[in-house]
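What follows is the residue order along each chain.
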Amino acid sequence: MADRLDAQIAVVGAGPAGIAAATRAAEAGSDVLVIDEAPGPGGQIWKHRRPEHAPRAARKWLERFVRSGARLVRGAQVIAATSDGELRAELPGAGGHMLDVRWGRLILATGARERFLPFPGWTLPNVIGVGAAQALLKAGVSFQGRRVAIAGSGPLLLPAAAALAAGGARVGLVAEQAPFPSVARFAGGLLRQPGKLLQAAMYRGRFAGTRYRTGTWITSARGDDRVREAVYTDGNRSRTVACDVLCCGYGLVPNLDLPMLLGCATSAGKVVVDERQQTSQDSIYCAGELTGIGGVDLALVEGEIAGLAAAGKSHGDRSLPARRSRQAEFAARLEAAFALRDELKSLARPDTIVCRCEDVILARLDPRWRRRQAKLYSRAGMGPCQGRVCGPALEFLFGWESDTVRVPVRPTPLAGLAHKEERADTT
Amino acid sequence: MKRFSIFVDGQPIDADEAATVAAAMWNAGLSHFRTSVAGERRGPLCAMGICFECRVTIDGVPHRRACMETCAPGMRVETHG
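Thresholds applied
- Positions within a chain are numbered from 1, following the residues in the order the chain's sequence is written.
- Each chain takes a letter, starting from A, and each ligand takes a number, starting from 1, following the order in which they are written.
- The predicted nature of this model means local features are confined to residues of pLDDT at least 70 and side-chain atom pairs, given and counted, to a pLDDT of 80 or more, with totals for whole chains, interfaces and linings taken over all residues.
- In computing side-chain values, all of the structure's heavy atoms are included and hydrogens and water are not.
- Secondary structure follows DSSP: runs of H or I at least 4 residues long count as helices, runs of E at least 2 residues long count as strands, and numbering of each begins at the N terminus.
- Pairs of residues are marked as contacts when any of their non-hydrogen atoms sit within 4.5 Å.
- Here's the idea: put two parts together, see how much 1.4 Å probe accessible area each one loses, and the total over both is what we call buried area.
- We count a salt bridge whenever a side-chain nitrogen from Lys or Arg sits within 4 Å of a carboxyl oxygen from Asp or Glu.
- By the criterion applied in these results, polar contacts are pairs of N or O atoms within 3.5 Å in which, for protein atoms, one can donate a hydrogen and the other can accept it, and in which residues neighboring in sequence qualify only through two side-chain atoms.
- Note on residue categories: nonpolar means Ala, Val, Leu, Ile, Met, Phe, Trp, Tyr, Cys or Pro, charged means Asp, Glu, Lys or Arg, and polar means any other residue, Gly included.
- Site definitions follow a grid-based scheme: protein atoms alone, a 1 Å grid, a 1.4 Å probe that fits but cannot get out for cavities, and for pockets an open set with protein on both sides within 12 Å along at least five of seven lines, plus lining residues having an atom within 4 Å of a point.
- Grid points are joined across faces, edges and corners, and a volume is the space filled by probe spheres set on the points.
- When a residue's accessible area, from a 1.4 Å probe over protein chains only, is under 20% of the maximum for its type it is buried; when over 50% it is exposed; and in between it is partly exposed.

**Observations concerning the environment of Ala160(A)**
Here comes step 1: With respect to the helices, strands and loops of the structure, Ala160(A) is situated in helix α5 (residues 157–166).
Here comes step 2: Between the C-alpha atoms of Ala160(A) and Ile284(A), which are 124 residues apart in sequence, the distance is 34 Å.

**Concerning the interface of chain B and chain A**
Here comes step 1: In this assembly, 34 residues from chain B lie in contact with 42 residues from chain A.
Here comes step 2: Buried area between chain B and chain A, summed over both chains or domains, comes out near 3,100 Å², and the portion from carbon and sulfur atoms is 59%.
Here comes step 3: The interface formed by chain B and chain A includes two salt bridges.
Here comes step 4: Its salt-bridge partner being Asp359(A), residue Arg42(B) comes within 2.7 Å of it at the nearest N-O pair.
Here comes step 5: At the boundary of chain B with chain A, the tally comes to 13 residue pairs in polar contact (both at pLDDT 80 or more).
Here comes step 6: If you list the elements that add at least two residues to the side of chain B that touches chain A, you get α1 (21–27), β4 (41–42) and β6 (61–65) of chain B.
Here comes step 7: Of the residues contributing to the side of chain B that touches chain A, the split by class is 17 nonpolar, eight polar and nine charged.

**Considering empty space enclosed by the protein**
Here comes step 1: Taken as a whole and judged by the stated rule, the model has one cavity of 30 Å³ or more.
Here comes step 2: Of the volumes computed, that of the largest cavity is approximately 40 Å³.
Here comes step 3: Lining the largest cavity, in full, are Phe116(A), Leu117(A), Phe119(A), Trp122(A), Val127(A), Ile128(A), Cys248(A), Arg356(A) and Leu45(B).
Here comes step 4: Here the lining of the largest cavity is built from residues that sort into eight nonpolar, no polar and one charged.

**Focus: the pattern of salt bridges**
Residue and element names in this part refer to chain A.
Here comes step 1: For the coordinates displayed, the defined rule picks out 27 salt bridges over all chains.
Here comes step 2: Note that glutamate 304 and arginine 24 form a salt bridge whose closest N and O atoms lie 2.8 Å from each other. With glutamate 304 in helix α9 (residues 295–310) and arginine 24 in helix α1 (residues 16–27), this pair connects stretches of sequence that are 280 residues apart.
Here comes step 3: On the basis of relative accessibility, which here comes to 4%, the residue glutamate 304 falls in the buried class.
Here comes step 4: Under the relative-accessibility criterion, arginine 24 is labelled buried at 13%.

Structure follows, in structure tokens:
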């Protein structure tokens, strides 16, 4: 049997946006339930191996969240939801035990994931994402003495390089695909953290003991049982860097599966929201990276606005809209500065795997298809990641937008899908 | 922090209570977590539960994501290859 809980407001995701939303709503007197798939709150950015290592803002918000009285269900993965007030989550452990939540208002704050693009060798072990490297550090991996190359795009490259170097890694390459002028323009207009790192990197031309190269991207990785070296280019000249780990990620993409499943309108890969963070569905709000990649400060203010709005206290804090506009400007500049160059579309060769779950190679895909045809004819996007890795890549390569989302939004034991009555018969 | 062993394909490796299974395996120099449908070696890609490349069998339960599971004393992990 599934457990059952009721909440005036349910929040999916306990990263900065979800924490801010839940805290504000609970402080305004609402009964709030937060569901997150991780063992603890904070999301990818605030997750830390030792809580005392978390940044000050994180500790402040997490303490305020605890005081607010909002409830938190940890380690639970939402697999299905309906816009009339139900959602189902798989609880931790191997049993496939389910939790059904009835909600009055729903705030989605499911964040973003890394964008990966296929290139020869990207499936080798130890070729990972940039955010992945930080996640592994926080999960307890020692990078002491490992030779690391970091490449891709976006302001995350620099904090990742800094964290890996501080963890003892020998950083042999930091390569940003965006050209120098656009990165410099972006860095020049910033006051905050990634800006400072970027400014320092641009000023010195070096970072974490290695050169910070702009207008440079990985063209292939080579190895045997794992990656051994990576080839990179500035468009004119190719060089090779030896590495034990290659981190390559091309920015972030919003996790749109739940909003799409619930019928929330999207545009240009983001959830459309009004000034109260409400989606096209009454009673459903979105905050954070779902509405466009904008970083932790934008996520926090959007979360606060969504939490107050869901609690019926839209005008609870009049300073919030101005803060949101300032941060939204940052998001727009970010998107423009780190736009992906066309050369990245021709990295994959005919025999390069594009869908890693089903091992579908590029040559099996017909550019005239749509995403749905690709699934049916080649199985690309049909594996356990449900197209979360190849989807954004296929959209970049062929312009194939993701099609409809189906339940369950995550692989789950079959029993989790059955109705309670049916399962009662079989257990 | 409490330190203990977990077993990967029968071999003990060091782990601690704050480490994920993926982290413990990486620290032990293990990079081959699963074998793909075409027979390639695969290991973690996203390390945040999205890509399913790090899936292993944990205490007899298949398809667990090593990056999402926290180590526990005596845990038995089987890779696929």
